[in-house]
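Architecture at a glance
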Amino acid sequence: MLRLPPFEYLAPRTVDEAVDMMTDNGWGAMLVAGGTDVYPGMKRRIFEPKKLVGLRQIEELKKFEVNGKLTLGAGLTLTRISTHPEIINRYPALATAAGLVSTPQLRNMGTIGGNLCVDTRCTYYNQTEPWRQALTYCMKKDGDTCWVAPGSLRCWAVNSSDTAPIMIALGASVRLVGPMGERSIPVQALYNNDGIEYITKAPNEILVDITIPDATGLRMTYKKLRRRGSFDFPIVGVAAAVRLAEDGTCTEANIVLGAVASYPLKATDAENILIGQKITDELIEEAAKIAFKPAKPLDNTDMGHPYRKQMVRVYLKRALQEVTGLS
Ligand SMILES: Cc1cc2nc3c(=O)[nH]c(=O)nc-3n(C[C@H](O)[C@H](O)[C@H](O)COP(=O)(O)OP(=O)(O)OC[C@H]3O[C@@H](n4cnc5c(N)ncnc54)[C@H](O)[C@@H]3O)c2cc1C
Ligand code: SF4
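As the structure is a prediction and not an experimental result, all values here were calculated from the model.

Calculation rules
Residues numbered from 1 in each chain as written. Chains lettered and ligands numbered in written order. Predicted model: local features only at pLDDT ≥ 70, side-chain atom pairs only at ≥ 80, totals over all residues. Heavy atoms only, no water. Pairing = 2+ DSSP bridges. Helix = DSSP H or I, 4+ residues; strand = E, 2+ residues; numbered from the N terminus. Axes fitted to C-alpha atoms, helices over the stretch in contact; angles between N-to-C directions. Near = heavy atom within 4 Å. Nonpolar A, V, L, I, M, F, W, Y, C, P; charged D, E, K, R; others polar. Right-handed = clockwise from strand over helix to strand, strands pointing away. Phe/Tyr/Trp six-rings, centres within 6.5 Å; stacked < 30°, edge-to-face > 60°. Lys NZ or Arg CZ within 6 Å of the ring centre and 35° of its normal. Core = buried A, V, L, I, M, F, W, Y, C linked by side-chain atoms within 4.5 Å. Buried < 20%, exposed > 50% of the residue type's maximum accessible area, 1.4 Å probe, protein only. Contact = heavy atoms within 4.5 Å. Salt bridge = Lys/Arg side-chain N within 4 Å of Asp/Glu carboxyl O. Polar contact = N/O pair within 3.5 Å; in protein donor to acceptor, adjacent residues only side chain to side chain. Areas by Shrake-Rupley, 256 points an atom, 1.4 Å probe, with all protein chains shown as cover.

1. Some words on the sheet that holds strand β12 (residues 265-266)
Read from one edge of the open sheet, 4 strands run β9-β10-β11-β12, paired in antiparallel fashion. In this open sheet, the two strands that pair with only one neighbour each are β9 (219-225) and β12. Note that strand β11 (residues 250-258) and β12 share 2 bridges and pair antiparallel. Note on β12: the bridge partner recorded for V256 is K266.

Quick look at the structure:
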C-alpha cells in the first residue's frame, strides 16, 4: 500500500492568509484544495511538500455569483458545478465536462480550481517511486532524460484537465491573488506549452475565482474519449462553442482540444474556416480535418498516439454536428 509521507497541514481562513503561508514557506509548501491530485502524487513521491496549505476553509473560494456573467469560486466542487441548475441551463457543456471528471467520490472532493491547475500527466511520471527509480527518473521529477522523446530538451507531459478546454471555449477568465496583489487573465493564459512549467501562475498565487461571460445564444458541447466510461482521464477532449445566425451562418466559433498537448490547444484554423460560412456537412468535415493536424499527441498516455490523433477528427466532427444540429 502506498502511504503518505509526513507533512504539516496549514489551514488558512482567508486568501491573504493562504498567500502569506505560501510565501513564508517557499518551495517547501504546496496548495491543496480537494487533494484528489495532490495526495496521490504525494504517495507516489512526485510531490514532496513539507507543508500543505489547505484551501478548504476559505469562504471566499465558495462564491457562486450570477449577474449576467457567472462567477465561480475556485473551491466549488465538481459535483456542485455539474449538478447546479443554473450551470446546466446556461453552460451545459461545463456541467458535462465537470461531470465527466473521474468518479462521483472524487468529484465530491475535487474542485474547479484544482481541476484548472491540475498537474500534467505522462505514463513515465504518474508511477510509484520504485517504478520510476527502476527505469531511472525522468526530467519532470528527479531525472534529466525524457523517456517519451529522448534527446528532447523539454517535457511533453499532457494537460488532462476536463474543464480547461470548455472554460477557454467560453472565454472564461481567472482571478489570481498573490503577494503583489491581484490580476485577472484569460484561462488560456494560465497555461504554458511545457509539461514541467505547465502553469503560468506563481506557486504563491491563489486562483480565487473564474468568471464566465454570458453565453446566451452560444451552442456548446464537450466530448471526451477515455478507455473506461466509468472513470478515466481524457485521452482526447473536444470543447466547442459556436454561434449561428438565423440563416445558419456561423458568426462565432471556439474550438479547444484537450489531452493532445501540454496545454489546451485552440484549433484556430478550424475556427476560422467556420466563421462567416453556412454550416454544412462538408464544412464540418473540413474543419475536423484541419483541427486534427496541429494535434500532436505523443506516446505518453493511454492508447496509441496515432489512434488518438485520428480520434481528434472523429470527436470534433461529432461535436460540431451536435452544436449545429446537423447530426
Ligand atoms: C483516479 C483519478 C481519476 C481522475 N480523473 C480525472 C479526469 O477524468 N479528468 C480530470 O480533469 N481530472 C481527473 N483527476 C484529477 C483530479 O481528481 C481533478 O483534476 C480534480 O478536479 C482536482 O481538483 P482538487 O481540488 O482535488 O485539486 P488538488 O489535488 O487539491 O490540487 C491540484 C493542483 O491544483 C493546485 N490548486 C488547487 N486549488 C488551487 C487554487 N485555488 N489556487 C491555486 N492552485 C490550486 C494544487 O496546488 C495542485 O497543484 C483524477 C484523479 C484521480 C485520482
Ligand atoms: S514527457 Fe518526458 S520528461 Fe515529461 S514526464 Fe514524460 S518522460 Fe518525463
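2. Some details on the sheet that holds strand β7 (residues 181-186)
Within a sheet, adjacent strands bond to each other through the backbone by hydrogen bonds, running parallel or antiparallel. Taken in spatial order, the 5 strands make up an open sheet running β4-β5-β8-β6-β7, and their pairing is antiparallel. Two strands in the sheet have a free side with no partner beyond their single neighbour: β4 (64-67) and β7. Adjacent strand axes in the sheet meet at a mean angle of 20 degrees, parallel and antiparallel pairs treated alike. Two strands pair when backbone bridges link them, and strand β6 (residues 173-178) and β7 are joined in this way by 6 bridges, in the antiparallel orientation. Bridge pairing in β7 links R175 to S184.

3. As for the site of ligand 2
All residues adjacent to ligand 2 are C122, Y124, Y125, C138, M139, K140, C146, W147, V148, C155, W156 and A157. Grouping the constituent residues of the shell around ligand 2 by class yields 11 nonpolar, no polar and 1 charged.

4. So, the pairing of strand β2 (residues 29-32)
As judged from the 4 bridges shared by β2 and strand β3 (residues 51-54), these two strands associate in the parallel manner. When the bridges of β3 are listed, V32 appears paired with G54. Each parallel crossover has a hand, and the one from β2 via helix α2 (residues 38-43) to β3 is right-handed.

5. Observations concerning the packing of aromatic side chains
Taken as a whole, this structure holds 2 aromatic pairs when the rule is applied. When the centroid spacing of 6.3 Å and the interplanar angle of 35 degrees are considered together, the rings of F7 and Y39 count as tilted. One end of the pair, F7, is in the segment before β1 (8-10); the other, Y39, is in helix α2, and 32 residues separate them in sequence. A cation over a ring is seen here: K140 above Y125, with NZ or CZ 4.6 Å from the ring centre. Over the aromatic face of F231 sits the side chain of R228, whose NZ or CZ is 4.5 Å from the ring centroid.

6. Description of the nonpolar core
By size, the foremost hydrophobic cluster in this structure holds 42 residues, and its most contacted members are L116, M167 and I212. With sequence-adjacent residues up to four places away left out, L116 is seen in contact with S161, T163, A164, M167, V174, V187, L190, Y191, I199, L207 and I210. Within the second largest apolar cluster, 31 residues are counted, among which are V236, L274, A288 and A291.

7. Some remarks on the pattern of salt bridges
As a working rule, side chains carrying opposite charge can pair if their charged atoms are close by. Summed over the entire model, instances satisfying the criterion amount to 20 salt bridges. Salt-bridge contacts for R175 lead to E60; the nearest nitrogen and oxygen are separated by 3.4 Å. Of the two residues, R175 is situated in strand β6 and E60 in the loop between β3 and β4; the sequence distance between them amounts to 115 residues. For the salt bridge of E271 with K266, the shortest nitrogen-to-oxygen distance reads 2.6 Å. On the basis of relative accessibility, which here comes to 31%, the residue K266 falls in the partly exposed class.

8. Focus: the pairing of strand β8 (residues 206-212)
Taking burial as the measure, the 7 residues of β8 include 7 buried ones, the bulk of the element. Relative to β8, strand β5 (residues 69-73) runs antiparallel, the two sharing 4 bridges. Note on β8: the bridge partner recorded for T71 is T211. Sheet analysis places β6 next to β8, joined by 5 bridges and oriented antiparallel.

9. Observations regarding the site of ligand 1
Every one of the 34 residues lining ligand 1 counts as a neighbour, but L31, A33, T36, T111 and D162 are closest to it. Here L31 contributes a backbone N or O atom positioned 2.6 Å from an oxygen atom of ligand 1. Taking D37, its main chain carries an N or O atom lying 2.8 Å from an oxygen atom of ligand 1. Isolated, ligand 1 exposes 970 Å² of accessible area, and the fraction of that covered by the protein chains is 92%. Breaking the shell around ligand 1 down by element, the ones donating at least two residues are β2, α7 (112-116) and β8. The element best represented in the shell around ligand 1 is β2, accounting for 3 residues. For the shell around ligand 1, the per-class residue count stands at 18 nonpolar, 10 polar and 6 charged.

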